[in-house]
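Take a look at the letters that make up each chain.
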Amino acid sequence: MTPSKAWSAPRWTTVVVVLLATLCCLFVPALGVKHENFKKCDQSGFCKRNRQFADKAAATTSWTSPYALDPTSLSFSDGILSAVVLKTVKDGQEKVRLPLKVTFLESGVARVTLDEEKRQKGDIVLRHDSKARKERYNEAGAWALVGGLETSKGAALSDKVEEGFTKVFYGKGGKHQAIIRHAPFEIDFQRDGETHVKFNQRGLLNIEHWRQKVEKPQEEKKEGEEAKEEEKKEEAQGEDESTWWEESFGGNTDSKPRGPEAVALDITFPGYEHVFGIPEHATRLSLKTTRGGDGNYKEPYRLYNADVFEYELDSPMTLYGAIPFMQAHRKGSTVGVFWLNAAETWIDVVKPKSIPNPLSLGVLRHTDTQTHWISESGLLDVFVFLGPTPQDLTRQYGELTGFTAMPQSFAIAYHQCRWNYVTDEDVKDVDRRFDKFKIPYDVIWLDIEYTQEKKYFTWDPLTFVNPTKMHKQLDKSERKLVAIIDPHIKNTDNYPVIDELKKKDLAVKNKEGNLYEGWCWPGSSMWIDCFNPAAINWWKGLFKYDSFKGTAPNTFIWNDMNEPSVFNGPETTMPKDNLHFGNWEHRDVHNLYGLTFHNATYQALLERKKGTIRRPFALTRAFYAGSQRIGAMWTGDNLAEWSHLEASIPMILNQGISGFPFAGADVGGFFGNPSKELLTRWYQAGIYYPFFRGHAHIDTRRREPYLAGAPYTEIITQALRLRYQLLPAWYTAFHEAATTGAPIVRPNFYVHPDDEKGFAVDDQLYIGSYGLLAKPVTKEGQSSVDVYLADDQPYYDYFDYTVYQGHGHHNIPAPLEKIPLLMQGGHIIPRRDRPRRSSGLMKYDPFTLVVVLDKDGNAQGTLYLDDGETFEYEQGAYIHRRFSFDGKRNSLSSSNLVDRVTVKGENYLKTMAKVRVEKVIIVGAPKSWRNKKEVVVMEEGKKESARKKTVEMEWFEGGKGRADWAVVRDPKVGVGRGWRIDFD
Ligand code: NOJ
């Protein structure tokens, strides 16, 4: 009899984990987030204090911020303004010195950093004998930033001196200006003489300076008197001290050895009604306000990476990742801020309407967006972007934090996952069944059950008997396997990975400086500390093929639970007084932990193979600014409910404009069993996620697309084929993201930044620069959708060329078998039309070009191609073409976008020499072509006689509101060559 896992005796560790998991996430009877597990602002001491501070400021008419720049400390050189800001405390008796640096960058971005100077009368003493570092955390930049820091050569102090102000011109042509007011300390950032961003306008700047803990005096202690006095003074300022030195939540106590140390600032965007960004939240794209009122939130947006399974929708609650980058948008202008701080952060948003002059009849009424940023510790470090376009913002933010990693081509195809494919035979069977049903897919995933007792880098010997054979079968159709590896390492005997982790001292420590032990899937575990370079080095070794035996070049990695998730920790994560490499407290680096772990995995994948390096693929759940350089993310444990399908669209759009566009949501919903209709609609939406993966919880029924049955399986297959058909467009969109920071799927405001009515539209999306406008169906029983068109170009139905034109909403049919997708006139869309089992098998397939004419009869488009695997594209091994249809000359041409000749480039072109354009479709073809039967094709580089040929063309009448179209069959032009097709 084959031993069955289900019947083996449970180990006590398993029992405890299941118990904990039951408490925290697994078998919750009614699905829904456990609010009581996560803090609200008034349960998080520093957030509560700073909100109180804000309320006090708002309620005091004579409120003056206690921060002033000391003009005698000012200096300016090489694009950097330095000074000291003095904070007045204790009724003016003490001044805390805060070194200020305003760096003006060549890119036109300004960076403001405020630190805290060490006390003159000696250093502060930590309250406990903690080993925590006594500095404000200043290494977030070392993880998040990779460039864009060149200081401006042109930045200069204004020669117009105004008492109490310092002004600096910077940016291209000196169009930007920072106006620094000395007392109270404020900064206005102007573009072309108009203020777009204001710091400390409301006087909420608050750097909680370090101080000595004053122990409560004992009655009999005379020497206590002095301390009592001190305490009174603090109280006199009305500060709430109750959480300064210790804080408890859910049975956990944070020892806070450094006491209060929050940094907070108000940032106002005058005249801006919409702000976007600061993922990750399950909320709309245009952020709601957070101080109550009709339909608004009462809580600030929180950024504190956490395992919030079954998360709540329409909520500012924290989720798994954090990108503290916010954009404000209005007609003609996009500006933004990036708050570089890795500690727990809360952001209040309010939009007070300015009271108009009664005589103006309300015409001048406008809205400011006022934000209030509050972080628990670290530096105040903020970048200010003055746009003016959304494209400027995403580019400049990307120059700082890095652009999206160019993925291997398989990574943007379809991924099939569940918790769990239970044996290697099961994997092979699923693989075969996809083929049997002719459903394309590229990657199959293994969740935690493939391991032996949740020991990563092992295979369960009973269920995954022959992983090598399994990989080989997948490889036959160019398919890949992704295996999960989490950051918690099982604390057990006979497991070399934990032995080494301990021996080499590479794990996170507790507040006493001993190895930290907590609970996760394996039971008792320890967490790798990837802030330590030695830990990264060690991690790399674990992925080598001779170390992680049974893996192969087609194995890739999934990093989960890296917030980090700790089942028995405060808010399901690590205690804040834990210690990392360099003795930084976990509090300082929490939001970076996931990135550091994901980075270590990326580094490991880079190095596991000698010879030509393949681009790594690593999925992460936790992330921070910069994670886009490393891999993809997904939105975690959603529910198989229509509302979660709907919420996924704005969440993914928001990821895109926030610099991390390789994003997706679990297709089908993680918890629960979707109806067949929901599953089908989810696939039809999922094909528009840049990261496209079906996934399901261990307790759900199997739901691979072939199981749905008629008509669902066929409809899902068509959806998948559409994704595969458009892979050339998706890949080009990824390349654009990897070189310019532009999102892969784009919201309306990004594409039509002047269309005010569309700023809040977040239920439809554009794919790359292709004018492909998709509106997924996200409601049960829906059979049509209203698509919003922001301009007066013709938009054509992707499938039947029905024309929709005119600014506003248009109702388009969307019966179950139809995926609402329009093509905006003016674009040329590259496709590969032959259905294949995987994207790898499409490598040398011919192309179809869909030329979608705009109202003037023109169209443009690009195509980027490379080997889809290696880094040779960095040495010129790619094809990058521009296609252009000139309506005046009625001629379609292909030209090189980049002029470069390299050896690798030439070699790559040779491998693609036979790959041709096999079909050209002209949508909106002129009626004058009605009787045309052929076109003239000219190709560069061939012998004179062979250059010119005539090729068949057919014109079709659309009728019934549909556009006419024409098809040129097999012009036989090389995809990597220059050519022209003349239609007249
Ligand atoms: C939590 C992840 O969010 C989910 O996708 C995964 O299936 C489980 N952990 C088990 O690894």
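Being a predicted model, the structure only gives us computed values, none of them experimental. (Residues numbered from 1 in each chain as written. Predicted model: local features only at pLDDT ≥ 70, side-chain atom pairs only at ≥ 80, totals over all residues. Heavy atoms only, no water.)

K.L.:
What is the right way to look at the sheet that holds strand β32 (residues 663-664) in this model?
P.N.:
Sheets are built from strands that pair by backbone hydrogen bonding, the pairs being arranged parallel or antiparallel. The strand order across the open sheet formed by nine strands is β32-β31-β30-β27-β23-β22-β21-β34-β33, and the pairing between neighbours is parallel. Of all strands in the sheet, those bounded by a partner on one side alone are β32 and β33 (666-667). Pairing analysis gives three bridges linking strand β21 (residues 414-416) to strand β34 (residues 692-694), with the strands arranged parallel. Across the sheet, His415 pairs through a bridge with Arg693, a residue of β34. Contacts between helix α7 (residues 467-476) and the sheet are confined to β22 (443-446), β23 (480-484) and β27 (555-559), with β23 contributing the most and set at about 140° to the helix. (Pairing = 2+ DSSP bridges. Helix = DSSP H or I, 4+ residues; strand = E, 2+ residues; numbered from the N terminus. Contact = heavy atoms within 4.5 Å. Axes fitted to C-alpha atoms, helices over the stretch in contact; angles between N-to-C directions.)

K.L.:
So what exactly am I meant to see when it comes to the site of the ligand here?
P.N.:
Around the ligand there are 13 residues in total, and Asp447, Asp560, Arg621, Asp637 and His695 lie nearest to it. Measuring from an oxygen atom of the ligand, one finds a side-chain N or O atom of Asp447 at 2.5 Å. With respect to the ligand, the side chain of Asp560 contributes an N or O atom lying 2.7 Å from a nitrogen atom. Protein chains bury 99% of the 290 Å² of accessible surface belonging to the ligand in isolation. (Near = heavy atom within 4 Å. Polar contact = N/O pair within 3.5 Å; in protein donor to acceptor, adjacent residues only side chain to side chain. Areas by Shrake-Rupley, 256 points an atom, 1.4 Å probe, with all protein chains shown as cover.)

K.L.:
Sorry, what's going on with the pattern of salt bridges here?
P.N.:
Any two side chains of opposite charge can pair if their charged atoms end up close together. The tally for this structure, following the rule as stated, stands at 67 salt bridges. A salt bridge links Asp431 to Arg479; its shortest N-O distance comes to 2.8 Å. With Asp431 in helix α6 (residues 424-436) and Arg479 in the loop between α7 and β23, this residue pair connects regions lying 48 residues apart in the sequence. Given the relative accessible area of 2%, Asp431 is considered buried. Judged by its relative accessible area of 0%, Arg479 is buried. Residue Glu869 is joined to Arg614 by a salt bridge in which the shortest nitrogen-to-oxygen separation is 3.0 Å. With Glu869 in the loop between β45 (859-866) and β46 (878-886) and Arg614 in the loop between α11 (593-607) and β30 (618-620), the pair connects residues that are 255 residues apart, well separated along the chain. Its relative accessible area of 24% is what places Glu869 among the partly exposed residues. Sharing partners across several salt bridges, the network here consists of Asp254, Arg258, Glu261, Arg302, Glu344, Glu376, Glu571, Lys576, Glu585, Arg587 and Asp588. (Salt bridge = Lys/Arg side-chain N within 4 Å of Asp/Glu carboxyl O. Buried < 20%, exposed > 50% of the residue type's maximum accessible area, 1.4 Å probe, protein only.)

K.L.:
Explanation requested: the domain arrangement of the protein chain in the structure shown.
P.N.:
Size of an interface: often given as the accessible area lost when the parts come together. Per the domain assignment, the segments making up the protein chain are domain 1 (49-127 + 136-209 + 261-401), domain 2 (416-710) and domain 3 (749-982). Of note, the centres of domain 2 and domain 3, computed from C-alpha atoms alone, are 35 Å apart. On the domain 3 side, the residues contacting the 29 residues of domain 2 number 37 residues. Taken together, both faces of the contact between domain 2 and domain 3 bury some 2700 Å²; the carbon and sulfur share is 59%. Taken together, the links from domain 2 to domain 3 amount to five salt bridges. Put simply, domain 2 and domain 3 have 15 residue pairs in polar contact (both at pLDDT 80 or more) between them. Counting residues per element, the ones that place at least two in the side of domain 2 that touches domain 3 are α11, α12 (642-657) and α13 (676-686). Here the side of domain 2 that touches domain 3 gets seven residues from one element, more than from any other, and that element is α12. (Domains from an automatic or database assignment. Buried area = accessible area lost by both parts, 1.4 Å probe.)

K.L.:
I'm lost on the pairing of strand β49 (residues 934-939) in this one. Help?
P.N.:
Each regular strand shows side chains that alternate between the opposite faces of the sheet. Only one face of β49 is covered, namely the face carrying Val935, Val937 and Glu939; the face carrying Glu934, Val936 and Met938 is uncovered. Both β49 and strand β50 (residues 948-956) contribute to a ladder of five bridges, which runs antiparallel. Looking across to β50, one finds that Glu934 is bridged to Glu952. Note: β49 against strand β52 (residues 979-982), four bridges, orientation antiparallel. Residue Val936 lies in a different strand from β52, and its bridge partner there is Asp982.

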